[in-house]
Amino acid sequence: MARPDQRVDVSSSNRRQWLKALAAAGSAASLSALAGCSSEDPGSPDDGNGNGNGNGNDDGNGNGDDGSTDQMTVTISSTSEGTMGFTALNGYAQIMNDVGSRLQLRVEPASGNIESARLLARGDMPLATGTNGTIWSAANAEDMEGDFGSNPLPENRRPQQVLPWAELNFYFATTEDTGITDMSQESLEGKTIATGPVGATGTWTAPLKVAGIDLDSVELVSEEFGQTPTALREGRVDVIPAYTVSRATVPGWLQELTGDDSITIPTFTDEQLDALSGAYYSNVELAASDTWQADVGMDQIPTATTGYQTISTRHTSPEITYEYVKTLFDNQQRVQDFHAGLALFAPEFAVNNLVSSVPVHPGAVQYFEEEGVWDDSLTVGEVDDDPKFTF
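Description of the structure in this document. (Residues numbered from 1 in each chain as written. Predicted model: local features only at pLDDT ≥ 70, side-chain atom pairs only at ≥ 80, totals over all residues. Heavy atoms only, no water.)

**Re the environment of Met125**
Here is the rule we go by: Counting from the N terminus, the helices are the DSSP runs of H or I reaching at least four residues and the strands are the DSSP runs of E reaching at least two. Exposure categories follow from relative accessible area, calculated using a 1.4 Å probe and restricted to protein chains: below 20% of the type maximum is buried, above 50% is exposed, and the middle band is partly exposed.
With respect to the helices and strands, the residue Met125 is situated in the loop between helix H4 (113–122) and strand E4 (128–131). A residue is classified by how much of its surface remains accessible, and Met125, at 1% relative accessible area, is buried. For the pair formed by Met125 and Thr316, sequence separation is 191 residues and the distance between their alpha carbons is 8.8 Å.

Structure below.
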């Protein structure tokens, strides 16, 4: 077990060897057993006369670059197809491919943030995505409507934080005929609330619980995001989730509602906003006119805002998380230009959006320390190099 403060040497002179070292750490059989990682060698094999070094650059006299173009492809779990998270991660994969990063990404959609955390814990992949609420819940084995509390993740497989890259500004929407005026217990009693697709339920029940809503007093319905506008119009649900990404972009499935005059926004009460800000949310107000074409009865929409980030576990190699973070920040402007929801992407933003009580993976910590933005009040995670489970 590595110490929490242990450094990993990934200097520029040494980075060319780290993936090769990872591959050499175990037998070919053990490497092939890692479901989320595969080493890739783009060059030519040795012809038996010493005329190849695995990268096609050897001149036959030993003057090749000794495998410096070796790459490792790792799987990262995203939210479902069509979401901003899925789009962003595919953008990261493209950027890493274009710049020739030694780390290449294979994006695998999951049903939601909860499922991503479970895939990560199961050892199916070294990287995943999640909201700060999901991460806190998984790390603390807390109950989020049965998502983790009824079957908590083993302590050594709980998530560690790697890289916050956006924020999600959560709120809810309803229609005038439901009679819902705000998000208070009294107003929501007996109502039907959509909580997103299976696998994302905890993401939307978490702010309700923090806001003091008795979830036994309402009916929770799992519904694909794309189906929620129709379900609301048809009266099958009374309240649906809504959000903006990084105060800048509205998901496509919500855009069809923005011109609907029947939509209203039930706001959190002052007491609820205080409770939310005391947990892992921040109070961010969105200009209603930036999101809604129709008049929703307010100029500013109060939100429960949470970070959205990449996560790993202590079984993920620090070299992987370091390379992931460094490559993206080395191409910061390109990341920001890829999607409006990534406009806030920056090292300072990342550190400021880490959950204080959840460990941060050492590979990510090293990068933030090198950039001078690390916050010493945050917790540095440990690394477990058990070959049976380690990427």
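After presenting the structure, the write-up continues.
**Things to note about the layout of surface pockets**
Stated precisely, the cut-off is as follows: Here a cavity denotes grid points, spaced 1 Å and computed from the protein atoms alone, that fit a 1.4 Å probe unable to get out, and a pocket denotes an open set having protein on both sides within 12 Å along at least 5 of 7 lines; residues with an atom within 4 Å of a point are the lining. Grid points are joined across faces, edges and corners, and a volume is the space filled by probe spheres set on the points. Gly is placed with the polar residues, together with every amino acid not listed as nonpolar (Ala, Val, Leu, Ile, Met, Phe, Trp, Tyr, Cys and Pro) or charged (Asp, Glu, Lys and Arg).
The volume enclosed by the second largest pocket comes to roughly 220 Å³. Taken together, 16 residues make up the lining of the second largest pocket; nearest its centre are Glu155, Arg158, Pro159, Arg314 and Pro359. Here the lining of the second largest pocket is built from residues that sort into five nonpolar, six polar and five charged.

**Concerning the packing of aromatic side chains**
As a reminder, the rule being used: Stacked, tilted and edge-to-face are the three classes assigned to paired rings of Phe, Tyr and Trp, where Trp is represented by its six-membered ring and a pair needs centres within 6.5 Å; plane angles under 30 degrees give stacked, over 60 edge-to-face, the rest tilted.
As enumerated under the stated definition, the model contains 16 aromatic pairs in all. Look at Phe170 and Trp204: their rings are 4.3 Å apart centre to centre, the planes differ by 45 degrees, and that puts the pair in the tilted class. Pair noted here: Phe170 is in strand E5 (residues 160–175) and Trp204 is in helix H7 (residues 201–210), with a separation of 34 residues, a long-range link. Here Phe170 falls in the buried class, since its relative accessible area comes to 2%. Since its relative accessible area comes to 2%, Trp204 is described here as buried.

**Some details on unusual backbone geometry**
Phi at Ser246 is positive, roughly 50 degrees, even though this residue is not glycine. Mapped onto the fold, Ser246 is located in the loop between strand E8 (240–245) and helix H9 (252–255). Ser246 gets classed as buried once you look at its relative accessible area, which sits at 5%. For Arg247, which is not a glycine, the phi torsion comes out positive at approximately 65 degrees. For Arg247, the position within the fold is in the loop between E8 and H9.

**Quick look at empty space enclosed by the protein**
By the definition in use, this model includes one cavity of 30 Å³ or more. Lining the largest cavity are 19 residues, and of these Thr79, Asn113, Phe225, Tyr243 and Tyr308 lie nearest its centre. Where the lining of the largest cavity is concerned, the elements lending two or more residues are helix H3 (84–98), E5, H7 and E8. A per-class count over the lining of the largest cavity returns 10 nonpolar, nine polar and no charged.

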